[in-house]
Amino acid sequence: MSTRQKVTMAAVIFSFLLPSAGFAANVGGLSSSVGKQKFSFCANIGYLLRETKIKDHGEKEVSSRQFLIKADYGLLDRLDLYGEVGVADLQIEQKEFRGALSTIYGGGIKLSLLPLSANGLNFFLNGQILAFSSKDGGAEADFLEYQGAATLCFKSNNFATYGGVRVSQVVIDYKDQGTLKAKNLVGVFLGIDYFVNPKVFFTGEMHNFDQDALYLGVGYKL
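Fair warning: this is a prediction, and the values are worked out from it, not measured in the lab.

Peer 1: Quick question: what am I supposed to make of the packing of aromatic side chains here?
Peer 2: A ring pair, where both rings are aromatic, is described by two values, the distance of the centres and the angle of the planes. Following the criterion strictly, the structure yields six aromatic pairs and no others. A centroid spacing of 6.4 Å and a plane angle of 50 degrees characterise the contact between Y162 and F189, whose relative ring orientation is tilted. Placement of the pair is Y162 in strand β8 (residues 159-174) and F189 in strand β10 (residues 186-195), with a sequence separation of 27 residues. What makes Y162 buried here is its relative accessible area of 4%. Take F189: its relative accessible area is 1%, and that puts it in the buried class. Between the aromatic rings of F195 and F201, the centroid separation amounts to 5.4 Å while the plane-to-plane angle is 45 degrees, which identifies the pairing as tilted. With respect to class, F195 is no different from F201; both count as buried. Taken together, the ring pairs connect F39, F41 and Y73 into an aromatic cluster. In this structure, K70 packs its charged tip against the face of Y82, placed 4.4 Å from the ring centre.

If you want it as structure tokens, here you go:
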């Protein structure tokens, strides 16, 4: 078995073993622009933990699970628009609120500040929003997350490694207790896109400081 085949097999096995989780979207997958009038599709799973605060009730730890399908379209060479849809759940302080899986949806925009190239450095700006509602019996929590990110990406052969800084806010209207908001708004992320061939790719990403998160995905570029 070749090295490439081993990497591919390991990525597939890892993506199936990981629990399906997370609500704040990953920045990459793909990290770079797809190109004018081109498409990419990516199926992502993830897991996160995030500290939030609520007036008069202190801090509460929030976690979630998700599965998202992301469709990315190159409106221009340096400008992409994308939409996301899938399922997600929500947990607040573990047993306090355990919401069932529900439909999650969102979208965003990605701008390249430098000309696209097969290899080398590029810099991207990314903005996106996600929303869903989760129910635990008769209780309901409405979730909204929006973020902006600055990404530095380095492409070399089959790999695109990237990292950057993101600013995000989470707003959760929670039962009759009020509104939960993110405790920390600024975080960092690191990720990698690996192309098995010019069309099929795997992606992975980690977040820290604003939230602890891990995302894995597999996609196809037209």
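Peer 1: How should unusual backbone geometry be read in this particular structure?
Peer 2: In most cases, non-glycine residues show a negative phi, while peptide bonds are predominantly trans. In this structure, L30 follows G29 across a cis peptide bond, with omega equal to 5 degrees. If you trace the backbone, L30 turns up in the loop between α1 (3-17) and β1 (39-54). Non-glycine residue Q37 carries a positive phi angle of around 60 degrees. Of the residues examined, Q37 reaches a relative accessible area of 57% and is grouped as exposed. Of note, N157 is a non-glycine position whose phi angle comes to about 55 degrees, a positive value.

Peer 1: I tried to follow the pattern of salt bridges on my own but got confused; where do I start?
Peer 2: Side chains that differ in charge, positive against negative, can pair when their charged atoms come close. The full count for this structure, using the stated rule, is seven salt bridges. Here K183 and E59 are joined by a salt bridge, their closest N and O atoms 3.2 Å apart. A residue pair is termed long-range when its members are at least 10 positions apart, and K183 in the loop between β9 (178-182) and β10 and E59 in strand β2 (residues 58-76) qualify at 124 residues. On the accessibility criterion, K183 (37% relative accessible area) is partly exposed. Overall, E59 belongs to the partly exposed group, its relative accessible area being 46%.

Peer 1: I would appreciate a short explanation of the nonpolar core in the present structure.
Peer 2: Nonpolar side chains tend toward joint burial in soluble globular proteins. Within the largest apolar cluster, 19 residues are counted, with the highest numbers of intra-cluster contacts made by L90, I92, F97, I172, Y174 and L180. Taken together, the elements giving at least two residues each to this core come down to β2, β3 (79-92), β6 (120-136), β7 (139-156), β8 and β9. Discounting residues that sit within four places of it in the chain, F97 has contacts with L90, Q91, I92, S134, K135, D136, A139, E140, A141 and Y174. With seven residues, the next largest nonpolar core counts A149, C153, A160 and F189 among its residues.

Peer 1: Would you explain the environment of E61 in this entry?
Peer 2: Mapping E61 onto the fold places it in strand β2. When its relative accessible area of 29% is taken as the criterion, E61 is described as partly exposed. Between the alpha carbons of E61 and K183 there is a distance of 9.8 Å; along the sequence they are 122 residues apart. E61 has contacts with L49, R50, E51, Q91, I92 and E93, leaving out every residue within four places of it along the chain.

Peer 1: Honestly, a nonpolar patch on the surface in this entry has me stumped. Any pointers?
Peer 2: A contiguous nonpolar patch, built from F67, I69, V85, V87, L101 and Y105 and spanning about 530 Å² of accessible area, is present on the exposed surface. Going through the elements one at a time, β2 and β3 are the ones with two or more residues in the nonpolar patch.

Peer 1: I keep staring at the pairing of β7 and nothing clicks. Help me out?
Peer 2: In summary, the side chains of a regular strand alternate between the two faces of the sheet. Summarising the sheet, β6 and β7 pair through 17 bridges and their orientation is antiparallel. In the sheet register, L121 faces β7, and the bridge partner there is F154. Between β6 and the antiparallel strand that follows it, β7, lie two residues; G137 among them carries a positive phi value of about 65 degrees. Looking at chain direction, β7 and β8 are connected through 16 bridges and run antiparallel. Bridge assignment links A141 to a residue of β8, and that residue is Y174.

What counts as what
Residues numbered from 1 in each chain as written. Predicted model: local features only at pLDDT ≥ 70, side-chain atom pairs only at ≥ 80, totals over all residues. Heavy atoms only, no water. Phe/Tyr/Trp six-rings, centres within 6.5 Å; stacked < 30°, edge-to-face > 60°. Helix = DSSP H or I, 4+ residues; strand = E, 2+ residues; numbered from the N terminus. Buried < 20%, exposed > 50% of the residue type's maximum accessible area, 1.4 Å probe, protein only. Lys NZ or Arg CZ within 6 Å of the ring centre and 35° of its normal. Salt bridge = Lys/Arg side-chain N within 4 Å of Asp/Glu carboxyl O. Core = buried A, V, L, I, M, F, W, Y, C linked by side-chain atoms within 4.5 Å. Contact = heavy atoms within 4.5 Å. Patch = residues over 30% accessible without salt bridge, like charges linked within 9 Å, V, L, I, M, F, W, Y side chains within 5 Å. Areas by Shrake-Rupley, 256 points an atom, 1.4 Å probe, with all protein chains shown as cover. Pairing = 2+ DSSP bridges.

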